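Residues per chain, in single letters:
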Amino acid sequence: MVKKVIILASLLSRYIWAGVEYCFMTGCSSAFGSSLVWSVNFMFTFCTFSSYGRNMASSSFGRRLVACLLNVSEARRKDLVETVARAALYNNKGVRREGITVLNIFNDHDYNRSVITIVASIDSIGEAVLSACEKACGLIDMGAHKGVHPCMGAVDLIPFYPLGEEVGVEDCAKEARAVAQGLTERVQGTSAFLFGWADSPLQRGLAQRRKEMGWFKKTPDLQAIRPDMGPQPQKPFGLTGVGAGPYVMNCNVTIDTQDMAMGRSIAAALRESTPGGLPGVQVLALPHEGAVEIACNVESVKGSPTSQTTAGEPWPCFSIGSQPYCHVPASLITARVAELAGREGVGVMGTALVGFTPHECRGLAEFALSQRIAEFWKEQGRIRM
């Protein structure tokens, strides 16, 4: 019964979000859109926490949870990606690692890229992630990779995000550095660069580090790259980014055109670095399934939302230690894309959230771990993006 309630909550969340997107695209009242957003937050919180005990949110394992959204450069062989996910959950003898769950697997055929959401205690997540990375490096050859999304590594990105109150900045930074070192030691020929909290003392952001490494180029010059750990990048492994920071959500909005110049113009207008852009939003415009996708990394930013940024729409907020963070809601990104595309007579086809918000991620992880569900993506499978 409990399992059905949590899956129903997730299903209803997706349907209501679809209503939010429709509302913004068709110009219905902002009050109605806001009420739908509020309904998502209330419904998810009530169904997730009330259904299996009010004390779960303050459980000891919940307070030490960390998420890793492992990005691997393969999506067209879904069985391979699931093999990588299971490597995080079971040792080489098939024995399950306790206290680990894989909440979601996002596959994108055109990008040829998957995101595996692994959640565990800060005390045990490192070995789970390293095992998954070892498996991926043994199965994915960057020399044969084809996809429209930029990438440089078989394991392209290993970001760690704190979910529990007892996990601090330095805890995640230390774990990220240990995983980067462990990867280059266990898989000979792999190399890594550090970003965010793990990049001490500069703490350069992911976008800056990717630019320095040539990640955005169509054909990066591997010989010109100076990794932080490991040898000069080489195929088949390429280069892996490893880091830590406040939670990053991915929100992809598809517009009904094949005009990449228009897509790039919309992406530029959304970008945080552009005057009037959205805080914490990093954007690429990519060809996707015969249309253009506005692919957004939605970074959490320090502080609480101001009256100038909220525009009547609630921004999800959370804290790491005593530091408050917030991030732009997906509905606002969809609305902004719809507005910019609409000026050119182009409509929005849909919005995809890759994974979860920080609150959803922790809530689902606590549920999965309390019920000992390791392969939670199968429960999510009915609604998996």
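In what follows, the accompanying structure is described.

How each quantity is defined
Residues numbered from 1 in each chain as written. Predicted model: local features only at pLDDT ≥ 70, side-chain atom pairs only at ≥ 80, totals over all residues. Heavy atoms only, no water. Helix = DSSP H or I, 4+ residues; strand = E, 2+ residues; numbered from the N terminus. Buried < 20%, exposed > 50% of the residue type's maximum accessible area, 1.4 Å probe, protein only. Contact = heavy atoms within 4.5 Å. Expected span 1.5 Å × (residues − 1). Core = buried A, V, L, I, M, F, W, Y, C linked by side-chain atoms within 4.5 Å. Salt bridge = Lys/Arg side-chain N within 4 Å of Asp/Glu carboxyl O. Pairing = 2+ DSSP bridges. Phe/Tyr/Trp six-rings, centres within 6.5 Å; stacked < 30°, edge-to-face > 60°. Lys NZ or Arg CZ within 6 Å of the ring centre and 35° of its normal. Axes fitted to C-alpha atoms, helices over the stretch in contact; angles between N-to-C directions. Parallel < 35°, antiparallel > 145°, perpendicular 65-115°, else oblique. Left-handed = near helix turned anticlockwise from the far one by under 90°. Nonpolar A, V, L, I, M, F, W, Y, C, P; charged D, E, K, R; others polar.

## Some thoughts on the overall build of the protein chain
Link 1 in the chain: Helices and strands together make up the secondary structure of the protein chain, namely 11 helices and 13 strands.
Link 2 in the chain: Residues classed as buried in the protein chain amount to 57% of the 385 residues present.
Link 3 in the chain: Residue pairs in contact within the protein chain that sit at least 24 positions apart in sequence constitute 73% of those at least 6 positions apart.

## Some remarks on helix α10 (residues 358–370)
Link 1 in the chain: If you check α10, its first and last C-alpha atoms are 18 Å apart, about what 13 residues at 1.5 Å a residue would give, namely 18 Å.
Link 2 in the chain: By the criterion of burial, α10 is predominantly enclosed, with 11 of the 13 residues buried.
Link 3 in the chain: Buried within α10 we find Pro358, Glu360, Cys361, Arg362, Gly363, Leu364, Ala365, Glu366, Phe367, Ala368 and Leu369.
Link 4 in the chain: Where α10 terminates, the next one or two residues include Arg372, which has phi positive at roughly 55 degrees.

## Observations concerning the nonpolar core
Link 1 in the chain: Formed by 105 residues in total, the largest nonpolar core has its most connected members in Leu70, Ile116, Ile158, Phe160 and Ile294.
Link 2 in the chain: Looking at this core, the element that brings in the most residues is helix α4 (residues 125–139), giving 8 residues.
Link 3 in the chain: Apart from the residues within four sequence positions on either side, Phe160 is in contact with Val66, Ala67, Cys68, Ile125, Val129, Glu175, Ala176, Val179, Val242, Gly243, Ala244 and Gly245.
Link 4 in the chain: Formed by 10 residues, the second largest nonpolar core is a distinct cluster that contains Met213, Trp215, Leu222 and Ile225.

## Looking at the side chain of Asn252
Link 1 in the chain: Summarising the element assignment, Asn252 is placed in strand β7 (residues 248–255).
Link 2 in the chain: Not counting residues up to four positions away in its chain, the partners in contact with Asn252 are Tyr111, Glu293, Ile294, Ala295, Cys296, Gly350, Thr351, Ala352 and Val354.

## Focus: the pattern of salt bridges
Link 1 in the chain: A complete count under the given rule lists 19 salt bridges for this structure.
Link 2 in the chain: Where Glu98 meets Arg372, a salt bridge forms, and the shortest distance between an N and an O atom there is 2.6 Å. Of this pair, Glu98 sits in the loop between α3 (78–89) and β2 (100–108) while Arg372 is found in the loop between α10 and α11 (376–380), placing the two residues 274 residues apart along the sequence.
Link 3 in the chain: If you follow the salt bridges from partner to partner, you end up with Asp199, Arg204, Arg209, Glu212 and Asp228 in one network.

## Focus on helix α9 (residues 330–342)
Link 1 in the chain: Over its 13 residues, α9 runs 18 Å from end to end, which matches the ideal 18 Å to within 8%, given 1.5 Å per residue.
Link 2 in the chain: Within α9, 10 of the 13 residues are buried, which leaves the element mostly enclosed by the surrounding structure.
Link 3 in the chain: Every buried residue belonging to α9 is among Ala330, Ser331, Leu332, Ile333, Thr334, Ala335, Val337, Ala338, Leu340 and Ala341, and all of these are buried.

## Focus on unusual backbone geometry
Link 1 in the chain: Following Ser200, the chain continues to Pro201 via a peptide bond in cis, the omega torsion being 5 degrees.
Link 2 in the chain: Relative to the assigned elements, Pro201 resides in the loop between β5 (191–196) and α6 (206–213).
Link 3 in the chain: A cis amide bond links Lys235 to the next residue, Pro236, at an omega of 15 degrees.
Link 4 in the chain: Here Pro236 is to be found in the loop between α6 and β6 (239–244).
Link 5 in the chain: With phi around 55 degrees, Arg372 is a residue other than glycine that occupies positive phi space.

## Regarding the sheet that holds strand β10 (residues 301–302)
Link 1 in the chain: A sheet is described by the order of its strands in space; here 3 strands give the open sequence β10-β12-β11, paired in antiparallel fashion. A single partner strand is all that each edge strand has here, and the edge strands are β10 and β11 (317–320).
Link 2 in the chain: Inspection of the sheet shows β11 paired to strand β12 (residues 323–326) by 4 bridges, in the antiparallel sense. Across the sheet, the residue bridging to Ile320 is Gln323, located in β12.

## Quick notes on the pairing of strand β13 (residues 348–354)
Link 1 in the chain: Within β13, 5 of the 7 residues are buried, leaving the element largely enclosed by the surrounding structure.
Link 2 in the chain: Where β7 meets β13, 6 bridges bridge the pair, whose relative direction is antiparallel. When the bridges of β13 are listed, Cys251 appears paired with Leu353.

## Some words on the packing of aromatic side chains
Link 1 in the chain: If you walk through the whole model with that rule in mind, you get 4 aromatic pairs.
Link 2 in the chain: Both rings, one in Tyr161 and one in Tyr247, keep their centres 5.1 Å apart while their planes meet at 50 degrees; by these two values the pair is tilted. Taken as a pair, Tyr161 in strand β4 (residues 155–162) and Tyr247 in the loop between β6 and β7 lie far apart in primary sequence, 86 residues in all.
Link 3 in the chain: Assessed through its relative accessible area of 7%, Tyr161 is described here as buried.
Link 4 in the chain: By relative accessible area, Tyr247 is classed as buried at 1%.
Link 5 in the chain: A centroid spacing of 5.8 Å and a plane angle of 15 degrees characterise the contact between Phe318 and Tyr325, whose relative ring orientation is stacked.
Link 6 in the chain: Positioned above the aromatic ring of Trp215, the side-chain terminus of Arg210 is 3.7 Å from the ring centre.

## Things to note about the sheet that holds β7
Strand pairing in a sheet relies on backbone hydrogen bonds, with the paired strands running either antiparallel or parallel.
Link 1 in the chain: Judged by pairing direction, the sheet is antiparallel, and its 4 strands sit side by side in the order β8-β9-β7-β13 without closing on themselves. The sheet terminates laterally at β8 (281–288) and β13, the two strands that pair on one side only. Ignoring which end each strand starts from, the neighbouring axes of this sheet average 20 degrees apart.
Link 2 in the chain: In the packing of helix α7 (residues 260–270) onto the sheet, contacts are made with β7, β8 and β9 (291–299), and the angle to β8 comes to roughly 170 degrees.

## Considering the packing of α7 against α9
Link 1 in the chain: Running from N to C, α7 and α9 point in directions that differ by 135 degrees, and their axes come no closer than 10 Å. The angle between α7 and α9 places the two elements in the oblique class. For the element pair α7 and α9, the recorded crossing hand is right-handed. In contact with Ile266, Ala269 and Leu270 of α7, α9 contributes Arg336, Val337, Leu340 and Ala341.
Link 2 in the chain: Counted by class, the contact of α7 with α9 contains 6 nonpolar, no polar and 1 charged residues.

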